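# Examining the three-dimensional arrangement
Spelled out from the first residue to the last, the chains are:
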Amino acid sequence: MFDVLVLGGGFAGLRAAAAATRLLRATETGPVGHSVALLTPHPDLVLRPRLYEPDPARLRVPLDRVLDPVGVRRIAATATGVDTVRREVTATAPDGTRSAVAYRRLVPATGSAVARPELPGAALLHDIDTLPAAVRLADHLRALPEAPDGPGRWTAVVVGAGFTGLEIATELVGRLRAPAAVRGGGRGAGGAGRARGGGRRGTGHGGAACDHPSAGRAGRGTAPGRHGHRPG
């Protein structure tokens, strides 16, 4: 049985596990040490706030490199159930093996996930909610110079005007402009590449335009914000 079991391997889970270890050691009086475990199916801490950057595949740090020095055990599994009466978490390993992990204190820190809208063209949407999704977007952008020319080829629509939406919108201006300037795309180098976002009407620096959400339409290159269920 673990004194503290943390569910989730993001920033919140990592900080919770490290803080629990520190506090337990500070209050330890007996010879037996306390135990803290972090349960996550992923081996890496993904630097999620930076997934809008051009090379997202490098934005990860092995969790064991951070957890081992502070004495936190990593359990490679997915939590599929919690029994608060018996104080057990049902954990499913990558190979499908199921086990019960007992705890004295439980810290849920599983984070959020983007809510993909069910609408025509949803299969063409991109997001930067996870590392694989951000890599797919980066691959899509790199492949644009070889894609057939057509309306909207160098235009992206960003849904969501929070920090994530602003970050990816301003980043896309440069990432769309560079390949478009090389290939031309029927525009001058100074006007190639646009990123549009859903928010109040206005024009930002660097070529990012912002339209009222009622005028937004989904299409190829649309990128919903990280918290798609709450785009504000």
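Residues numbered from 1 in each chain as written. Predicted model: local features only at pLDDT ≥ 70, side-chain atom pairs only at ≥ 80, totals over all residues. Heavy atoms only, no water.

### Considering the overall build of the protein
Using the following cut-off: Strands are runs of DSSP state E lasting at least 2 residues, helices are runs of H or I lasting at least 4, and numbering of each runs from the N terminus. Relative accessible area decides the class of each residue, using a 1.4 Å probe on protein chains only: under 20% of the type maximum gives buried, over 50% gives exposed, and in between gives partly exposed. Throughout, a residue-residue contact means that at least one pair of heavy atoms, one from each residue, lies within 4.5 Å. A 1.4 Å probe and the Shrake-Rupley method give the accessible areas. Residues count as covered only by the protein chains that appear here.
Secondary structure assignment for the protein yields four helices and 13 strands. A total of 232 residues make up the protein; the buried ones form 36% of that total. Across the protein, every contact between residues at least 6 apart in sequence was considered, and the portion connecting residues at least 24 apart equals 58%. Roughly 13,200 Å² of accessible area belongs to the protein as shown, and the carbon and sulfur atoms make up 56% of that amount.

### Concerning the packing of helix H1 (residues 11-26) against helix H2 (residues 63-70)
Under the convention used in this document: Angles run from 0 to 180 degrees between N-to-C directions of axes, and those axes are lines fitted to C-alpha atoms, restricted for helices to the stretch in contact. Note that the term roughly parallel is reserved for angles under 35 degrees, roughly antiparallel for angles over 145, roughly perpendicular for angles of 65 to 115, and oblique for everything else. Any residue that is not Ala, Val, Leu, Ile, Met, Phe, Trp, Tyr, Cys, Pro, Asp, Glu, Lys or Arg is counted as polar, Gly included; the first ten are nonpolar and the last four charged.
At a closest axis distance of 10 Å, the pairing of H1 and H2 adopts a crossing angle of 10°. Classed by the angle they form, the pair H1 and H2 counts as roughly parallel. Contacts between H1 and H2 pair Leu14, Thr21 and Arg25 from the former with Leu63, Val66, Leu67 and Val70 from the latter. When grouped by side-chain class, the residues that make up the contact of H1 with H2 number five nonpolar, one polar and one charged.

### Observations concerning the pattern of salt bridges
Oppositely charged side chains can pair when the atoms bearing their charge come close. Rules: We define a salt bridge as a side-chain nitrogen of Lys or Arg found within 4 Å of a carboxyl oxygen belonging to Asp or Glu.
Under the counting rule described, the total for this entry stands at 11 salt bridges. One salt bridge in this structure joins arginine 58 and aspartate 55, with 3.9 Å as the shortest N-O distance. Residue arginine 74 is joined to aspartate 64 by a salt bridge in which the shortest nitrogen-to-oxygen separation is 2.8 Å. Taken together, the positions of arginine 74 in strand S5 (residues 72-76) and aspartate 64 in helix H2 put the pair 10 residues apart, joining distant regions of the chain.

### Comments concerning the nonpolar core
Rules: Among buried residues, the Ala, Val, Leu, Ile, Met, Phe, Trp, Tyr and Cys ones that are joined through side-chain atoms within 4.5 Å form a nonpolar core.
Within the largest apolar cluster, 17 residues are counted, with the highest numbers of intra-cluster contacts made by Leu51, Ile128, Leu141, Ile168, Leu172 and Leu176. If you list the elements that add at least two residues to this core, you get helix H3 (131-143), strand S9 (155-159) and helix H4 (163-183). The next biggest cluster of nonpolar side chains, apart from the first, holds 13 residues, and it includes Val4, Ala20, Val72 and Ala109.

### Thoughts on the confidence of the model for the protein
To keep it simple, the criterion reads: The pLDDT score gives, residue by residue, the confidence of the prediction method on a 0 to 100 scale.
Of the residues in the protein, 74% reach a pLDDT of 70 or more, and the chain-wide mean stands at 81. Counting contacts from residues 185-192, a segment whose pLDDT is below 50, to residues more than four positions away or on other chains yields 13 contacts. Across residues 224-232, where pLDDT falls below 50, the model places 23 contacts with residues more than four positions away in sequence or in other chains.

### Digging into the sheet that holds strand S1 (residues 2-7)
Our working definition: Here a strand pair is declared whenever DSSP counts at least two bridges between the two strands.
With respect to topology, six strands assemble into an open sheet ordered S5-S2-S1-S8-S7-S6, the strand pairing being mixed. The open sheet has two free edges, formed respectively by S5 and strand S6 (78-83), since each of these has just one partner strand. Here the average twist between neighbouring strands, direction ignored, is 45°. Taken together, the five bridges between strand S7 (residues 88-92) and strand S8 (residues 98-108) define a ladder with antiparallel strand orientation. Paired with glutamate 88 across the bridge in S8 is alanine 102. Helix-sheet contacts for H1 involve S1, strand S2 (36-40), S5 and S8, and the interaxial angle to S2 is about 170°. Relative to the sheet, H2 contacts S2 and S5, its axis offset from that of S5 by approximately 140°.

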